[in-house]
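Fold and geometry: a report
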Amino acid sequence: MQEPYKLRYFIYKIQDKKTVVIEKQGERSKTYDDFVEDLPENDCRYGLIDIEFETADGRPTSKIVFISWNPDTAPVRPKMLYSGSKEAIKSALVGVGIHINATDHSELDFEEAILPVMKKFT
């Protein structure tokens, strides 16, 4: 595993219906848009991303956000597996206070969906 703060994000998948593994990692230079592009269109994943933004009073800050990607277009079995396993991975990721569930790309829109949630925690 890389040293802390050297990566922007992790994307996790469930392997063999029982083990959560890291599927992709994003270097620190990557963006939120890169993270979204790395999510599969029609399959479920978990994501953990460090997002930098400005608070309402203009201070730069960052938050680590857990995103459960469970698209409506995914097959039923993976959707059930990821929904049922979500609490276990969330409890393993100690210190992550922001959890977002997304079922389509509109729920991943940074300005409309993600940023307003993050600003509630500043």
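Residues numbered from 1 in each chain as written. Predicted model: local features only at pLDDT ≥ 70, side-chain atom pairs only at ≥ 80, totals over all residues. Heavy atoms only, no water.

Considering the nonpolar core
A general tendency of soluble globular proteins is for nonpolar side chains to be buried together. What counts, and what does not: Side-chain atoms within 4.5 Å are what join buried Ala, Val, Leu, Ile, Met, Phe, Trp, Tyr and Cys residues into a set we call a nonpolar core. Relative accessible area decides the class of each residue, using a 1.4 Å probe on protein chains only: under 20% of the type maximum gives buried, over 50% gives exposed, and in between gives partly exposed. A helix here means a DSSP run of H or I that spans at least four residues, while a strand means a run of E at least two residues long, and both kinds are numbered starting from the N terminus. Note on contacts: a residue pair qualifies if any of its non-hydrogen atoms lie within 4.5 Å across the two residues.
If you look at the biggest cluster of nonpolar residues, it comprises 20 residues, and the most contacted ones within it are Tyr-32, Phe-35, Ile-67 and Met-118. Those elements that place two or more of their residues in this core are strand S1 (7-15), helix H1 (32-38), strand S3 (45-54), strand S4 (60-69), strand S5 (98-102) and helix H3 (110-119). When residues in this core are grouped by element, the largest group, four residues, is from H3. Apart from residues lying up to four places away in sequence, Ile-67 is in contact with Tyr-32, Phe-35, Arg-45, Tyr-46, Gly-47, Ile-49, Ile-100, Leu-108 and Ile-114.

Thoughts on the confidence of the model for the protein
Worth spelling out the cut-off: In predicted models, pLDDT denotes the confidence assigned by the predictor to each residue on a 0 to 100 scale.
With 96% of its residues at a pLDDT of at least 70, the protein reaches an overall mean of 93. The lowest-confidence element of the protein is H3, averaging 93 in pLDDT; the highest-confidence one is H1, averaging 98.

Quick look at the packing of aromatic side chains
Let me state the cut-off plainly: Pairs were defined over the aromatic rings of Phe, Tyr and Trp, the Trp ring being its six-membered one, requiring ring centres within 6.5 Å. Orientation was assigned from the angle between planes: stacked under 30 degrees, edge-to-face over 60, tilted for the rest.
This model, assessed by the stated rule, comprises six aromatic pairs. Relative to Phe-35, the ring of Tyr-9 has its centre 5.2 Å away and its plane inclined at 70°; by these criteria the two rings are edge-to-face. With Tyr-9 in strand S1 and Phe-35 in helix H1, the pair connects residues that are 26 residues apart, well separated along the chain. Overall, the relative accessible area of 1% leaves Tyr-9 in the buried class. When its relative accessible area of 0% is taken as the criterion, Phe-35 is described as buried. With 5.0 Å between their ring centres and 50° between their planes, Tyr-46 and Tyr-82 make a pair best called tilted. Separated by 36 residues along the polypeptide, Tyr-46 in strand S3 and Tyr-82 in helix H2 (residues 76-92) bring together distant segments of the chain. Three or more aromatic residues joined by ring pairs form one cluster here, namely Tyr-9, Tyr-32, Phe-35 and Phe-110.

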